[in-house]
Amino acid sequence: MMTRRQRIISLLEEGDYSPSELAKALDMRGRGSIKIILEDLKAIQRTLKREGKVLLIKPAECRNCGFVFKPEIKVPSKCPRCKSEWIEEPRFKIVVRD
Ligand SMILES: [Zn+2]
């Protein structure tokens, strides 16, 4: 039986996911689920270092003006440039460090 974090790791080793897609894949619902996923990703990022793997982050992007956020483990709510809330979530993937 895998823990939630182990399931996230195995998904991210197979492909790239946004926090919402991870929540859906893990059958998590409700407003708090994205926050839990983000906390899990931060913890996973710390443990991966010991295994020679890295968490790749494709940064969030404003779908209105194309502004690219910093590659961080968070989901921005608003674009600092155009104030739009139409934000493409960041995407995450785990790869072996070479
Ligand atoms: Zn924008």
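Everything discussed here concerns the structure shown above.
Quick caveat: nothing in here was measured; it's all calculated off a predicted structure.

J.: What exactly am I supposed to notice about the coordination of the zinc ion here?
T.: Around a metal, the idealised angle for a tetrahedral arrangement of four donor atoms is 109.5 degrees; for an octahedral arrangement of six donor atoms it is 90 or 180 degrees. Protein-derived coordination of the zinc ion comes from C62 (SG), C65 (SG), C79 (SG) and C82 (SG), at a distance range of 2.3 Å. Between the 4 donor atoms coordinating the zinc ion, the angles at the centre fall across 104 to 115 degrees, so the site counts as tetrahedral. Donor residues for the zinc ion sit on one chain with the sequence pattern C-x2-C-x13-C-x2-C. Taken as a pair, C62 in strand 2 (residues 61–62) and C79 in the loop between strand 2 and strand 3 (87–88) lie far apart in primary sequence, 17 residues in all. Here C62 and C79 have matching classes, each one buried.

J.: Sorry, what's going on with the pattern of salt bridges here?
T.: Two side chains bearing opposite charge may form a pair once their charged atoms approach each other closely. Overall, the coordinates contain 11 salt bridges when judged by the stated rule. The partner of D40 in a salt bridge is R4, with the nearest N and O atoms 2.6 Å apart. Of this pair, D40 sits in helix 3 (residues 32–48) while R4 sits in helix 1 (residues 4–14), placing them 36 residues apart in sequence. On the basis of relative accessible area, D40 is assigned to the buried category, the value being 1%. A relative accessible area of 37% means that R4 is categorised as partly exposed. Here K53 makes a salt bridge to E51, at a shortest N to O gap of 3.8 Å.

Thresholds, definitions, all that
- Residues numbered from 1 in each chain as written.
- Predicted model: local features only at pLDDT ≥ 70, side-chain atom pairs only at ≥ 80, totals over all residues.
- Heavy atoms only, no water.
- Donors = N, O, S within 2.8 Å, 3.2 Å for Na, K, Ca; no water.
- Tetrahedral: all angles 85-135°; square planar, octahedral: opposite > 155°, others 65-115°.
- Helix = DSSP H or I, 4+ residues; strand = E, 2+ residues; numbered from the N terminus.
- Buried < 20%, exposed > 50% of the residue type's maximum accessible area, 1.4 Å probe, protein only.
- Salt bridge = Lys/Arg side-chain N within 4 Å of Asp/Glu carboxyl O.

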